[in-house]
Amino acid sequence: MNAFRKPDKPLLTRLTAGIAALVATVAFSACSIAGTTTTATTSASSSTVAASTLASLTDNAKSHAEDGDTDYDASSATAITLADGASKSSSSDGVTVDGDTITITAPGTYLLSGTLTNGQVVVSSDAEGKVRIVLDGASVTNSSGSAMVITAADEAVVVLADGSDNALVDGTGYDTSADDAPNAALFSMADLTIGGSGSLTVTGNTNDGIASKDGLVIQGGTITVTAADDGIRGKDYLIVEDGAVTVTAADDGLKSDNETDDTVGYVLVKGGTVTVTAGDDGVHAEGDLAISGGKVTIAKSNEGLEGSTVTIAGGETSVTSSDDGLNATQGSTTTGGQGGGMGDDGSLLTVSGGTLLVNAEGDGLDSNGRLAISGGTTVVSGPTNSGNGALDSNGGITITGGTVVAAGASGMAESPGTDSTTGWVAVSFSQAIAAGQTISIASGDTVIASYTAVKETASIIVADPDITSGKSYDLYVGGRLAGTTVGTYSDSGDISGATKNTTVTAGTAIAGGMGAGRGNHP
């Protein structure tokens with residue numbers, strides 16, 4: 001795989017201060033690992049997880065984007081009017097017009113408006129300084145290639161002017177086989193930032209919608225992408241700070257695919273709204289994948305979120321997948337969740353905050369290494385296929401905070417490890433609970449949690465601060481949600497008219513499943 005980086009921009013070893021702070025919280029709250037049997041071993045494992053999480057997420061290339069990147073003064077900008085056969089610029093400095101090809105050759109701010117029905121905007125600037133392209137009612141279609149190509153720039157910024165509607169559409173079937181050949185409707189060889197408060201519709205008819213061979217940061221705007229391959233791709237990293245991003249892609253929705261070392265190839269969502277419909281992964285990172293804020297909805301995918309390290313530390317995340325919902329793996333997986341085998345490959349999936357809803361036909365939360373949950377609310381509606389589980393790890397499951405509801409098949413159901421400090425119950429039902437039925441867990445007359453089954457449910461695991469290990473709890477079927485709800489889970493419930501199904505002891509693994517902390521028992 002080609003791994004392009006500008007030689008004069010060395011990799012940096014720290015991510016933004018915000019993600020560093022949140023990862024420190026994630027890392028040091030994940031304080032124990034399933035399967036340890038002594039205090040000394042548990043402490044050592046805890047330190048290992050904390051250190052590995054922190055290192056994997058903070059030792060990443062720093063974002064190139066800065067506050068103020070999308071600010072501009074329209075009165076001092078070079079105005080470029082796009083028109084078939086009649087494009088013109090208010091200044092010849094830094095701009096050449098050759099038929100329907102407009103080339104920007106110097107740093108500065110350029111304000112584009114008008115329409116090209118078969119043309120191209122090119123940025124080719126070798127000088128130091130940002131090239132800022134303001135789209136203010138601009139539409140560019142190119143039948144034989146990319147609509148906008150940034151072949152060279154110290155840094156490129158695309159600003160969507162307030163109240164404007166803009167569009168970039170590339171051709172179908174043009175040649176993208178050469179190294180670094182443009183392969184997206186909006187293509188950049190340089191670090192690219194997109195922001196502003198206007199809208200941009202991008203159609204990638206041959207390959208990707210938006211692609212940068214360096215870093216890509218979205219700071220704002222309403223961005224709608226439809227792509228024949230990947231929707232939005234940043235080679236070194238893809239960061240969404242704000243904006244409303246909607247992607248429909250035949251392959252991956254959001255992607256970062258540089259795998260040259262562990263400082264690149266990461267995806268971070270810090271804010272905004274992201275909605276993805278994907279033919280393959282909703283969000284794919286060759287390196288680390290983290291969500292610390294905003295609202296992320298993976299409406300359709302094969303695997304929802306995939307990276308070598310997957311971290312949910314805040315925001316609202318909802319995933320629908322035909323295979324695994326979340327997958328932490330050091331290598332590519334194959335359909336059916338068989339990637340990585342049964343050995344711990346060093347991957348880590350952590351949930352430390354926010355809300356996470358998963359509806360998966362494969363494994364719900366799948367780590368080819370360890371799975372650590374220390375906060376937030378996680379609700380998994382997992383598989384009906386007994387070859388998969390709502391929770392699945394190769395290195396063990398530790399729950400030290402937050403609330404977890406994981407429902408699905410029973411054959412591969414994996415329970416939390418014995419060193420989990422949050423109490424949990426695990427139940428395999430003698431007869432599967434039908435979709436639409438509500439399962440409630442109660443201590444006497446107090447309902448601790450309720451869950452309405454999204455699909456047929458053969459087993460359920462519930463971890464909650466109000467559950468005490470070793471204590472007995474009753475499970476009822478047929479009640480109703482009550483209290484605070486997240487998806488089909490509520491932190492209370494109404495069991496009047498419900499039927500008592502069974503009584504279980506907290507901290508006892510599901511019989512016939514994969515047991516507790518299976519990754520430590522090869």
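Just so you know, these numbers come straight off a predicted model, no measurement behind them.

(A) Spotlight on the overall build of the protein. Helices and strands together make up the secondary structure of the protein, namely two helices and 43 strands. Looking at the protein as a whole, 57% of its 522 residues qualify as buried. Summarising the internal contacts of the protein: among those between residues at least 6 apart in sequence, 59% fall at separations of at least 24. Total accessible area on the protein stands at roughly 18,000 Å², and carbon and sulfur atoms take up 47% of it.

(B) Inspection of the side chain of Ser212 at higher detail. Relative to the helices and strands, Ser212 resides in strand 14 (residues 208–212). A relative accessible area of 1% means that Ser212 is categorised as buried. Here the side chain of Ser212 touches Gly215 through a polar contact of 3.1 Å, landing on its backbone oxygen. If we ignore the near neighbours within four places in the chain, the residues touching Ser212 are Ser188, Ala190, Asp191, Leu192, Arg233, Gly234 and Lys235.

(C) Inspection of the nonpolar core at higher detail. Membership of the largest hydrophobic core comes to 80 residues, with the highest contact counts inside it found for Ile210, Ile232, Leu326 and Leu365. Contacts of Leu326, omitting those with residues within four sequence positions, involve Leu305, Val310, Ile312, Val319, Leu349, Leu356, Val358, Gly364, Leu365 and Asp366. In terms of nonpolar packing, the next biggest core, distinct from the first, is built from 23 residues, Ala407, Tyr473, Val486 and Val504 among them.

Conventions we followed
Residues numbered from 1 in each chain as written. Predicted model: local features only at pLDDT ≥ 70, side-chain atom pairs only at ≥ 80, totals over all residues. Heavy atoms only, no water. Helix = DSSP H or I, 4+ residues; strand = E, 2+ residues; numbered from the N terminus. Buried < 20%, exposed > 50% of the residue type's maximum accessible area, 1.4 Å probe, protein only. Contact = heavy atoms within 4.5 Å. Areas by Shrake-Rupley, 256 points an atom, 1.4 Å probe, with all protein chains shown as cover. Polar contact = N/O pair within 3.5 Å; in protein donor to acceptor, adjacent residues only side chain to side chain. Core = buried A, V, L, I, M, F, W, Y, C linked by side-chain atoms within 4.5 Å.

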